[in-house]
Amino acid sequence: MDSRRPFRPLILAGALAVASAAYVVPVQAERGPGGGPEHGPDPARRLEHMTERLGLEDDQVARVREVLEDSHARAREIRAAERGARRAAMTALREDTDARLAAILTPAQMQLLEDGREAQGEHRKMRRAARREAGFERLMERLELAPSQIEPVREILDAGRARGRDIAQAARAEDMPREALRDQLDAVRAETASELAGVLSPAQLEVFLALPEGREGRGAPRRRDLPPESR
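An account of the accompanying structure is given in this report. Bear in mind that the values here come from a model prediction, so they are computed numbers and not experimental data. (Residues numbered from 1 in each chain as written. Predicted model: local features only at pLDDT ≥ 70, side-chain atom pairs only at ≥ 80, totals over all residues. Heavy atoms only, no water.)

### Brief notes about the overall build of the protein chain
Scanning the protein chain from terminus to terminus reveals nine helices and zero strands. Listed by position from the N terminus, the elements making up the protein chain come as α-α-α-α-α-α-α-α-α. Considering only intrachain contacts with a sequence separation of at least 6, the fraction spanning at least 24 residues in the protein chain is 71%. Within the structure as shown, the protein chain displays about 13,400 Å² of accessible surface, and the carbon and sulfur contribution to it stands at 52%. (Helix = DSSP H or I, 4+ residues; strand = E, 2+ residues; numbered from the N terminus. Contact = heavy atoms within 4.5 Å. Areas by Shrake-Rupley, 256 points an atom, 1.4 Å probe, with all protein chains shown as cover.)

### Observations regarding unusual backbone geometry
One non-glycine residue, glutamate 144, lies in positive phi territory at about 50 degrees. Mapping glutamate 144 onto the fold places it in the loop between α5 (107–143) and α6 (147–174). Look at glutamate 144 and you get exposed, because its relative accessible area is 65%. (Buried < 20%, exposed > 50% of the residue type's maximum accessible area, 1.4 Å probe, protein only.)

### Observations regarding the side chain of threonine 192
Relative to the helices and strands, threonine 192 resides in helix α7 (residues 178–197). Only 3.4 Å separates the side chain of threonine 192 from the side chain of arginine 163, close enough to count as a polar contact. (Polar contact = N/O pair within 3.5 Å; in protein donor to acceptor, adjacent residues only side chain to side chain.)

### Overview of the packing of helix α2 (residues 43–54) against α5
It is the contact of α2 with α5, at a shortest axis distance of 10 Å, that shows an interaxial angle of 115 degrees. α2 and α5 meet at a crossing whose hand is right-handed. Seen from α2, the contacting residues are His49, Met50, Arg53 and Leu54; seen from α5, they are Gln109, Leu112, Leu113, Asp115, Gly116 and Gln120. (Axes fitted to C-alpha atoms, helices over the stretch in contact; angles between N-to-C directions. Left-handed = near helix turned anticlockwise from the far one by under 90°.)

### Re the side chain of glutamine 60
You can see glutamine 60 is positioned in helix α3 (residues 58–79). On the basis of relative accessible area, glutamine 60 is assigned to the buried category, the value being 6%. Engagement of the side chain of glutamine 60 in a polar contact is seen with the backbone nitrogen of glutamate 57, the distance being 2.9 Å. The residues touching glutamine 60, leaving out its near neighbours within four places in the chain, are Gly55, Ile104, Leu105, Thr106 and Gln109.

### Remarks on the packing of α5 against α6
At a minimum axis distance of 12 Å, the contact between α5 and α6 shows a crossing angle of 135 degrees. Overall, the two elements α5 and α6 adopt an arrangement that is oblique. For the element pair α5 and α6, the recorded crossing hand is right-handed. In this structure, α5 contributes Arg132, Glu133, Phe136, Leu139 and Met140 to the contact, and α6 contributes Ile150, Val153, Arg154, Leu157 and Arg161. Residue classes in the contact of α5 with α6 are distributed as six nonpolar, no polar and four charged. (Parallel < 35°, antiparallel > 145°, perpendicular 65-115°, else oblique. Nonpolar A, V, L, I, M, F, W, Y, C, P; charged D, E, K, R; others polar.)

### Digging into α7
For α7, spanning 20 residues, the distance from its first C-alpha to its last is 28 Å, which sits close to the expected 28 Å at 1.5 Å a residue. Every buried residue belonging to α7 is among Leu181, Leu185, Val188, Arg189, Thr192, Ala193 and Leu196, and all of these are buried. Within α7, the buried residues cover an arc of 140 degrees as seen down the axis, which keeps them to one side. Exposed residues on α7 whose side chains face more than 90 degrees from its buried face are Glu179 and Asp183. (Expected span 1.5 Å × (residues − 1). Arc of directions from axis to C-beta.)

### A closer look at the environment of alanine 146
For alanine 146, the position within the fold is in the loop between α5 and α6. Residues alanine 146 and leucine 200, 54 residues apart in the sequence, show an inter-C-alpha distance of 9.6 Å.

### Quick look at a positive patch on the surface
A cluster of basic residues, Arg127, Arg128, Arg131, Arg132 and Arg165, forms a positive patch at the surface. Take arginine 131: it is sitting in helix α5. (Patch = residues over 30% accessible without salt bridge, like charges linked within 9 Å, V, L, I, M, F, W, Y side chains within 5 Å. Salt bridge = Lys/Arg side-chain N within 4 Å of Asp/Glu carboxyl O. Lys, Arg positive; Asp, Glu negative; His and termini not counted. Charge placed at Lys NZ, Arg CZ, Asp CG, Glu CD.)

Right, here's the structure in full:
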């Protein structure tokens, strides 16, 4: 790479806005009745896990299986509904499923179920944090960040993820149209890119744009598809 080549800040900043999509938090999947992704976990697997963790009695197993299978089927029907109606229906289904389980399980078993959900949530957070840290360490190596650049770059990326996460949460609460959500997240990426351009050198920006994480982020074009001026 010839770092003496004239730097085109506006063009590269625009390309970086696309490339930085991989480093701004994506919209999280909607949660299903069991606390998993929107499609929901398999009822048989959930029942097996609950039987082992909660120590279900034989008569409880049959009743819980009926609740889980019915909840799973209702969730499939809800997903076919309009977006606005879907969110309210999924919330009502979660509450109804928990109420039906509470009528079958003992208080101690319900507490174990809640504790398990919380533990799963914490475990997911820890795994996400570990993946982010590993990704940032790879980014540090590839860009050969100077010690003085490490924390500013980390802070910019963390702030961008936080803004994206807040927007995504608001979008779910307000049933924001997908197009409007995309526009707001694009604005966050552009802001993140502008801030990164003020910390990274021209050569580091070039390397960043060539990274697979950059060009293959959500909706990001491959580098050969970028305008010739940005290569």
